[in-house]
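Below, each chain spelled out in residue letters.
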2 protein chains.
Amino acid sequence: MEEPVIVVVGDRTTADSSDKISTETASDTADSSDVQKNGKDKSHRIHSSPSDDPELQDEQLLLAATLVLDAKRGRNMNFKKDDKHVKSYQVYHHFFFRWSLYFFITVDLALALVENPTRKGWQWPLWATIFVELICISFFIYRIVHAAYVTETTEFWKDTKNILVISSIVLMLIDIIVFVIWTNNVEAPQRAIRWSRSLRPLFIVNFSDGKQVRRAFRNIRRTVPDIMNVLILFFLSVFLFGLLALKLFGKRQVLVYPNGHDYFKNYFDCIWDLYVLVTTANDPDVMMPAYDNSNWFALFFIGYLIICLYIFMSIVLAAIYNNYKKNLKNEIRMSVYGKRRRLASAFDILKVKRQNHYVVTHHRWCQFMKKVLPGKSMTQIELLMRVLDRDGHNCISKQDFLNLADLLNVELTEITDRQTILEKTFPRMYNSKYSKCTQRIVRHRFFRYSFDFMIFINAFFIAFDVDNADWFFLSIFTVEIILKMYTFGPKYFFIRFWNSFDFFVIGSALIASIVEVVIGASNEELRTLDILLVLRVLRLIKLFGSIQRFKVVITTIINIGPSIITYGGVIFVFYYFFAIIGIEIFHGKIHYYGYNESVVEEKNLWCGNAALKDSMFYRFHYCNNNFNDILKAFVLLFELTVVNQWHVLTSGFVMVTHKAARIYFFLFHLTCVVIVLNIFTAFILEAFILEYSLQRVPKIESQVEATIKELGLGIGGSKVRSKSVVGDTLELVDNEQLPESQDSQTDGDVSDTDSIEDFSNEKGLKFLLKKRSRKKVEVLLQQMFEGEIDPEDEGPSGRLDDLYPHDPLPRKMTLEAIT
Amino acid sequence: MEEPVIVVVGDRTTADSSDKISTETASDTADSSDVQKNGKDKSHRIHSSPSDDPELQDEQLLLAATLVLDAKRGRNMNFKKDDKHVKSYQVYHHFFFRWSLYFFITVDLALALVENPTRKGWQWPLWATIFVELICISFFIYRIVHAAYVTETTEFWKDTKNILVISSIVLMLIDIIVFVIWTNNVEAPQRAIRWSRSLRPLFIVNFSDGKQVRRAFRNIRRTVPDIMNVLILFFLSVFLFGLLALKLFGKRQVLVYPNGHDYFKNYFDCIWDLYVLVTTANDPDVMMPAYDNSNWFALFFIGYLIICLYIFMSIVLAAIYNNYKKNLKNEIRMSVYGKRRRLASAFDILKVKRQNHYVVTHHRWCQFMKKVLPGKSMTQIELLMRVLDRDGHNCISKQDFLNLADLLNVELTEITDRQTILEKTFPRMYNSKYSKCTQRIVRHRFFRYSFDFMIFINAFFIAFDVDNADWFFLSIFTVEIILKMYTFGPKYFFIRFWNSFDFFVIGSALIASIVEVVIGASNEELRTLDILLVLRVLRLIKLFGSIQRFKVVITTIINIGPSIITYGGVIFVFYYFFAIIGIEIFHGKIHYYGYNESVVEEKNLWCGNAALKDSMFYRFHYCNNNFNDILKAFVLLFELTVVNQWHVLTSGFVMVTHKAARIYFFLFHLTCVVIVLNIFTAFILEAFILEYSLQRVPKIESQVEATIKELGLGIGGSKVRSKSVVGDTLELVDNEQLPESQDSQTDGDVSDTDSIEDFSNEKGLKFLLKKRSRKKVEVLLQQMFEGEIDPEDEGPSGRLDDLYPHDPLPRKMTLEAIT
């Protein structure tokens, strides 16, 4: 066991205030902005060699702080470096404005719910929707103008995302004007179309805050050219097989679909049927007529599916996956280099020359950190310096300074006391013999085991539909919650996810059950609340999570959660785009009036459209799959994404409009299923494989984390355990899920608790280190890459975006690297 | 341009015959067999230090030759090393016996076509099938006894594949005896079941010649434990969602499927419906009743699909892919080390001490190579030595000797003359002015372009169904073939794949069309021959193959072709197994009698089974999907593999039997779709990514290839082009597809043809080097790995099979290696 190094902070400030003060102004801001563009030759620029520690101007500190904050958050806007613009830039990234942007984008997108055409009753008057939209657009205009103001002008106009935002805004305004004039003046037979609505999701992608989504889009954009080759060959082979099918089946009059439709009679239908076959949606059906005619025709379809489905579609996935990996590598490199360049620029502003080295002195550090972390106390700032300054010279070298962003990303926390409210209020009662005994029982692991077992039993009862026991389980679980809350105190009870989950589920179920009893009779509406009891069974997942062999899988799923939301954003962009177009084209063509033909009015028969009489679409009861409002459109698009029966859905909309409607559905399938969904699969493939490989890498941690552990200043983390806070938590916790940062303390035996007093001297400040399994893969990869490159390497010169258009050849091709 | 090094072979034999001859017998055979087990400590074993070149015994030469041939072919049987057994071992691997084995396995498998139950008319009498099967089994017994005779006894019984073969044979014999007794004596109401038939495909896997298929199976076996974890979690979540569905939908009486069936009414049906939903086969249908009831229920299904389909199924693929990569690496290592160990053992037998080095002398080399390549001339053997002996000492060191297997795998060819038959027979006419002119036209690339264009036009005519032009195209293409044959001569015409293809297609179409005209009237049967004309359009693929951007894709598809056949073998094994079981269970339950209810007899209505009345199965016209003979069973299993509508197919067989039939279909889906098909996808993913990465690696070639190129002894290959044969082929070939080995000569400009005479001095012997893009990925990876390890590294000691149960940690984890 390592003895934690006790750091006495707070008495250094005085020691450092003896630093002499000179008037030398370090590298000016214009210089540093140049330097930022090319980090290689900084040392040549600064000719003055100050031997002292001059007072920095406020605006220089602000600039440095802004650069460091940008590095910490991974931003990459290239803002103007003079004071006025830097201040404005900070306002641009202000919490309030960022959330306002999200709010207005949400409102703008949500307008589709209430705009005509939509569900009856939801519709708002025209002036209201246009008024709201104009407000949103105004905010977008303000936002883009603000961005233009703070960004370097040439950079601003080179950036595609700004151009896209501006043109979207212009197009939307034109559309609104045309639309208002049209509806007021022209007595047109045709309703005017608000086509610009489909542009709205572009704001999600193109406003510079949607970094993750934009990265996913960049990935798609870079992948498309590569898979184009595969897709062209794929379509070529579909066309060839189409010719074969036409010749083979087209002229046989006996061949006909069960519903009497033509069987491979004209070339375009051949292609369509074969394309649908590649999606497997019409699989045996398209073969059956030919197969019934001669069994050998099966060979045609089998051959086609093997080539076009199993081989080509796998190659599409391979091409996408390959690209994804390449892009991932580049993104990692870019973000690491981008971060370092910003930090280096900040360092250049703050540095002072000491014995032929440029360093940041303690005095400047304190000045500077007050700008970076305005709310933090002096003690915390001191502690941060102690961690960065590895060789203890009381000043920070450039190499140390480059770790600042990592350090700021480690949370600093205070160790507080752990008495429950009850203990404070009624100490005697709480600490009585019976109470202590109860607490010991609750903390014992058999308490947990027995309730896990109850969950298991409950699952069986639910499965075999024994309702009588509902009350029994409900009360048992309620008692469990009360006991736990009593023992651990509400604060520590709710800090654990599964406890909150239990509380919510059981609480709701309890209220629901009581309401049910009071109102009397099992109201069918309330049946839904039974589901809350079922949700409790989800706790079983937790049980599985504690079994080692399932850990990789569950950790992967948990870790990729946030990224899945990113991909959800990407898919939402496509969905919204297609949904708006679909609504404009297919709105009102198909309605749901139920299928009981004796009840439904005649004009409402066949989904309210006579064209659907006797169609598969109607027979399968698909009337509710329509484009009458945006939510229904989303559900329909999701069904199309799942692919099965998409040709039947398509056929319905073809019948009520025109065969050209197939183009819409084909394009949706190509973009959302073939491209986006495969990118999603590629993402999960890579995430899983990385998790799996990284678990076996002995050591990945940033320099900062290593130092924190060395100094014994961390809690959590995977290897070195701080011994301070364990004494009183060990029993308390007993395998309960601790808050993210602390739960790793319990997975080993810890013997002594002596050092706890020492730490309280330091006001109990501690860094919360994340366990490796809880880190995002991206962070791990960045740390790996930082470990590989030179500590001061800031990447090749030039704009980072242009650095890696293509993956450079790896340094050495080995069997290991290539497979 | 490099000048080719002219090697004068044939005058060395005399120079070398002056080697002194001693009587020292080199390491005896028993020793060398020990040595083979652990190649590390050979040098300690041989204490005698011969300074001369004793005559080796015939049996030693035979043993060495056998070891070398095993290394060349990648065999890994551990045979007994004494003379009698070595000879027997060579017989074991004799061409005739190997092909007999394939023949008898095929016959045994094909028996299912004619065994009861099968299609009417195909059935053989019982005694005939049993007689044939007994003959096959006899051969298998002979084969396994032979293997037991030549293999080390302990090794033989340790090998699972031998145990499996023996137990299969025993089980089959028992089954046959029981069956014969049963059918002859018991007046059973139940037909006896020949269950052992499903064991037949085990012979494909387990006889030691089915190396590729066995490797794929090993891969599956090793992958299953890893994906079990994912699958268990997956099923757990299906069970949880099943509970939710039961609570949500089970009690709502209004919810019912369109066909009136129960909707999530009992737990097992819930699980089944949700499992089918994960395969997407019942996608919107299973949701529609609940969605019609309340639109919010859609969230349940969307959530379920996102978790169980998009996340879990992707993770299954990821786990399989990860395992596949790991196994691939190990296979590569094992085969490289296995090859080296065998070669080292052979070297130990042949070696002679010269100046403190062990070498193989020229004399021994010639003796030895006569055993290895009995048919080859002395010149060829000399040439091989010249390539191996890189430093020109006229003897081969161990390091050189380890390259022998690679060298033997490079084809040695003679350059022959290229006069066409016509030119020889009628030289004057063939070389006349008009004839020369015609030839020049045919050889010109515009000739090819114009016919490619005609193919394009033809494709259009076929697509738009303009039949009138058929004769025009037919005659045009016939003329093309005749002209080409005239110019290039039949031999060089047919050597190119696309020419043979054209000849076959156009020839057949011509004959078909003529027959059609003679018989008169468009007989519908002959329509099928139109397809031959369509096949011609496939030549368009060749056009695309010459465009650089499509090359990776097409090269990949061509290169993975043979491996796809391997996977075809794997899938065949599963198909056969399931087909036999399916036939035994479901035979005769469903028949196809057509769907015209006014024509079909009453007892034959509803696929001949009243249970199918009004079923989806009948309404979709699936009666032909049944298990009445093995071919139909294969088609049905393929449909199940494609997944779509598999639940409808299942429901049909459930209706005519019992709900337990679902188990059969579920197991088939789990093994063939979830596991085998994902392994196939993993294989294509890896193959494509490797092709793509390896294309950019500047140099991967074995030492042997490098030497051959250095000596200018190669034709083909990627970099150095031999200039000898190009002079007269350049014009002749004109971008036509040359036979595999030669076509790379044409893709660069070649200027001088002087050296051709020099090479004819050497009887025109040349090594055929394959272009890199034509090599199998596995070969490339082996060469890469050989480049990485020490030239004499024979791997860690111990049995190679046990070496890499788990992937060792890579030497250094870099961002490059890990992504």
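Residues numbered from 1 in each chain as written. Chains lettered and ligands numbered in written order. Predicted model: local features only at pLDDT ≥ 70, side-chain atom pairs only at ≥ 80, totals over all residues. Heavy atoms only, no water.

S.K.: Just to check I follow, could you spell out the overall build of chain A for this structure?
M.R.: Along chain A, the regular secondary structure elements total 37 helices and six strands. Counting all 819 residues of chain A, 58% fall into the buried class. A sequence separation of at least 24 residues applies to 76% of the contacts in chain A between residues at least 6 apart. If you sum the accessible surface of chain A, you get close to 35,700 Å²; carbon and sulfur atoms cover 61% of it. (Helix = DSSP H or I, 4+ residues; strand = E, 2+ residues; numbered from the N terminus. Buried < 20%, exposed > 50% of the residue type's maximum accessible area, 1.4 Å probe, protein only. Contact = heavy atoms within 4.5 Å. Areas by Shrake-Rupley, 256 points an atom, 1.4 Å probe, with all protein chains shown as cover.)

S.K.: Help me understand the pairing of strand E2 (residues 357-361) of chain A in this model?
M.R.: For a regular strand, the rule is simple: side chains alternate between the two faces of the sheet. Residues and elements named next belong to chain A. Where strand E1 (residues 352-354) lies against E2, three bridges are found, and the strand directions are antiparallel. Within the sheet, the bridge partner assigned to Lys 353 lies in E2 and is Tyr 358. Counting the residues that bridge the hairpin from E1 to E2 gives two residues, and of these Gln 355 lies at a positive phi of roughly 45°. By the bridge criterion, three bridges tie E2 to strand E3 (residues 395-397) in an arrangement that is antiparallel. Directly across from Thr 361, in E3, lies its bridge partner Cys 395. (Pairing = 2+ DSSP bridges.)

S.K.: I'm lost on the sheet that holds E3 of chain A in this one. Help?
M.R.: Residue and element names in this part refer to chain A. Taken together, three strands build an open sheet; the order of strands is E1-E2-E3 and the sheet is antiparallel. This sheet does not close on itself; its edge strands, each paired only once, are E1 and E3. When the angles between neighbouring strand axes are averaged without regard to direction, this sheet yields 55°. Against the sheet, helix H14 (residues 298-350) engages E1, E2 and E3, with an angle of about 85° to E2. Across the face of the sheet, helix H15 (residues 362-372) comes into contact with E1, E2 and E3 while running at roughly 55° to E2. (Axes fitted to C-alpha atoms, helices over the stretch in contact; angles between N-to-C directions.)

S.K.: Sorry if this is basic, but what is going on with the side chain of Ser 88 of chain A here?
M.R.: Note that Ser 88 of chain A resides in helix H5 (residues 83-92). Once residues lying within four places of it in the same chain are set aside, the contact partners of Ser 88 of chain A are His 146, Tyr 149 and Val 150 of chain A.

S.K.: Before we go on, may I ask you to explain unusual backbone geometry in this structure?
M.R.: With the exception of glycine, the majority of residues adopt a negative phi angle, and the majority of peptide bonds are in the trans configuration. Despite not being glycine, Phe 264 of chain B shows a phi value in the positive range, around 50°. Structurally, Phe 264 of chain B can be placed in the loop between helix H11 (211-249) and helix H12 (267-278).

S.K.: It is not clear to me how the state of the cysteines should be interpreted in this structure. Could you clarify?
M.R.: Defined simply, a disulfide is a covalent bond joining two cysteines at their sulfur atoms. Residues and elements named next belong to chain A. Counted according to the given criterion, the structure contains two disulfides over all chains. Each disulfide pairs two cysteine sulfurs, and for Cys 607 the partner residue is Cys 623, the sulfurs being separated by 1.8 Å. The disulfide joining Cys 607 to Cys 623 has a torsion of about -55° about its S-S bond and is therefore left-handed. With Cys 607 in helix H28 (residues 605-608) and Cys 623 in the loop between helix H29 (616-619) and helix H30 (630-642), this residue pair connects regions lying 16 residues apart in the sequence. The buried category is assigned to Cys 607, whose relative accessible area is 2%. Sulfur of Cys 366: no disulfide; nearest cysteine sulfur belongs to Cys 395 and is 13 Å away. (Disulfide = S-S within 2.5 Å.)

S.K.: What's the story with the packing of aromatic side chains in this structure? I'm lost.
M.R.: Any two aromatic rings considered together are summarised by their centre-to-centre distance and by the angle between their planes. Enumeration according to the criterion identifies 129 aromatic pairs over all chains in this entry. When the ring of Tyr 275 of chain A is compared with that of Phe 666 of chain A, the centres are 4.9 Å apart and the planes differ by 70°; the resulting orientation is edge-to-face. Of this pair, Tyr 275 of chain A sits in helix H12 (residues 267-278) while Phe 666 of chain A sits in helix H32 (residues 661-695), and the two are 391 residues apart along the sequence. For the ring pair Phe 572 of chain B and Phe 634 of chain B, a centre distance of 5.7 Å and an interplane angle of 55° mean the geometry is tilted. Of this pair, Phe 572 of chain B sits in helix H27 (residues 548-586) while Phe 634 of chain B sits in helix H30 (residues 630-642), and the two are 62 residues apart along the sequence. (Phe/Tyr/Trp six-rings, centres within 6.5 Å; stacked < 30°, edge-to-face > 60°.)

S.K.: I would appreciate a short explanation of the confidence of the model for chain A in the present structure.
M.R.: Per-residue pLDDT for chain A averages 75, and the proportion of residues at 70 or more is 76%. Two summary scores accompany this predicted model of the complex, namely pTM at 0.82 and ipTM at 0.82. (pLDDT = per-residue confidence, 0-100.)

S.K.: Would you mind going over the sheet that holds strand E1 (residues 352-354) of chain B with me for this structure?
M.R.: Two modes of strand pairing occur in sheets, parallel and antiparallel, and in both the strands are linked by backbone hydrogen bonds. Residue and element names in this part refer to chain B. Spatially, three strands are ordered E1-E2-E3 in an open sheet, and the strand pairing comes out antiparallel. Because the sheet does not close on itself, it has two edges, and the strands there are E1 and strand E3 (395-397). Strand-to-strand twist across the sheet, computed as the mean angle between neighbouring axes with direction ignored, equals 55°. Running over the sheet, helix H14 (residues 298-350) touches E1, strand E2 (357-361) and E3 and is turned about 85° from E2. Across the sheet, helix H15 (residues 362-372) touches E1, E2 and E3, and the angle it forms with E2 is around 55°.

S.K.: Whenever I open this one, the environment of Pro 374 of chain A confuses me. Can you help?
M.R.: Secondary-structure assignment places Pro 374 of chain A in the loop between H15 and helix H16 (378-388). Along the primary structure Pro 374 of chain A and Arg 440 of chain A are separated by 66 residues, whereas in three dimensions their C-alpha atoms are 44 Å apart.

S.K.: Can you help me understand the pattern of salt bridges in this one?
M.R.: A pair can form between side chains of opposite charge whenever their charged atoms are brought close. Inspection of every chain in the model, using the stated rule, returns 37 salt bridges over all chains. Residue Arg 119 of chain A is joined to Asp 629 of chain A by a salt bridge in which the shortest nitrogen-to-oxygen separation is 2.8 Å. Taken as a pair, Arg 119 of chain A in the loop between helix H6 (95-110) and helix H7 (126-150) and Asp 629 of chain A in the loop between H29 and H30 lie far apart in primary sequence, 510 residues in all. With its nearest N and O atoms 3.2 Å apart, the salt bridge here joins Asp 70 of chain B to Arg 75 of chain B. Judged on exposure class, the residue Asp 70 of chain B and its partner Arg 75 of chain B are both buried. Salt bridges sharing common partners tie together Asp 108, Glu 115, Glu 133, Asp 175, Arg 194, Arg 197, Arg 200 and Glu 584 of chain A. (Salt bridge = Lys/Arg side-chain N within 4 Å of Asp/Glu carboxyl O.)

S.K.: I would appreciate a short explanation of the environment of Met 287 of chain A in the present structure.
M.R.: In this structure, Met 287 of chain A sits in helix H13 (residues 283-293). Judged by relative accessible area, which is 4%, Met 287 of chain A ranks as buried. For the pair Met 287 of chain A and Ser 450 of chain A, spaced 163 residues apart in the sequence, the C-alpha separation amounts to 56 Å. Ignoring any residue separated from it by four or fewer positions in sequence, one finds Met 287 of chain A in contact with Tyr 263, Ala 298 and Phe 301 of chain A together with Val 635 and Glu 639 of chain B.

S.K.: Looking at this structure, how should I read the packing of helix H11 (residues 211-249) of chain A against H32 of chain A?
M.R.: The description of two helices packed together rests on the angle between their axes and the distance between the axes. Residues and elements named next belong to chain A. In contact at an axis separation of 12 Å, H11 and H32 are set at 120° when each is read in the N-to-C sense. The angle between H11 and H32 falls in the class oblique. When you trace H11 past H32, the crossing you get is right-handed. Along its contact with H11, which presents Ile 220, Val 224, Ile 227, Leu 231 and Phe 235, the element H32 presents Phe 666, Leu 670, Val 674, Ile 675, Val 676 and Ile 679. Considered class by class, the residues forming the contact of H11 with H32 number eleven nonpolar, no polar and no charged. (Parallel < 35°, antiparallel > 145°, perpendicular 65-115°, else oblique. Left-handed = near helix turned anticlockwise from the far one by under 90°. Nonpolar A, V, L, I, M, F, W, Y, C, P; charged D, E, K, R; others polar.)

S.K.: Please explain a nonpolar patch on the surface as it appears in this structure.
M.R.: Residue and element names in this part refer to chain A. A cluster of nonpolar side chains, namely Val 170, Leu 171, Ile 174, Val 178, Trp 182, Ile 193 and Trp 195, defines an oily patch on the protein surface of about 590 Å² accessible area. Positionally, Trp 182 belongs in helix H9 (residues 160-185). Here Trp 182 falls in the partly exposed class, since its relative accessible area comes to 33%. (Patch = residues over 30% accessible without salt bridge, like charges linked within 9 Å, V, L, I, M, F, W, Y side chains within 5 Å.)

S.K.: Would you mind showing me how to read helix H31 (residues 646-656) of chain A here?
M.R.: For an α-helix the count is 3.6 residues per turn, leaving residues at separations of three or four pointing the same way. Residues and elements named next belong to chain A. Counted residue by residue, H31 has nine buried out of eleven residues, so it is predominantly covered. Within the sequence span of H31, burial applies to Trp 646, His 647, Val 648, Leu 649, Thr 650, Gly 652, Phe 653, Val 654 and Val 656. Structurally, H31 contributes buried residues whose contacts are with H12, helix H27 (548-586), H29, H30 and H32.

S.K.: In this structure, what is going on with the packing of H14 of chain A against H32 of chain A? I would like to understand it.
M.R.: Residue and element names in this part refer to chain A. Relative orientation of the contacting elements H14 and H32 amounts to 60°, with a least axis distance of 9 Å. In terms of orientation, H14 lies oblique with respect to H32. The element H14 and its partner H32 pack so that their crossing is right-handed. Residues Val 316, Leu 317, Ile 320, Tyr 321, Tyr 324, Lys 325 and Leu 328 of H14 touch H32, and the partners they reach there are Val 674, Ile 675, Asn 678, Ile 679, Thr 681, Ala 682, Phe 683, Leu 685, Glu 686, Ile 689 and Leu 690. Taken together, the residues of the contact of H14 with H32 break down into 14 nonpolar, two polar and two charged.

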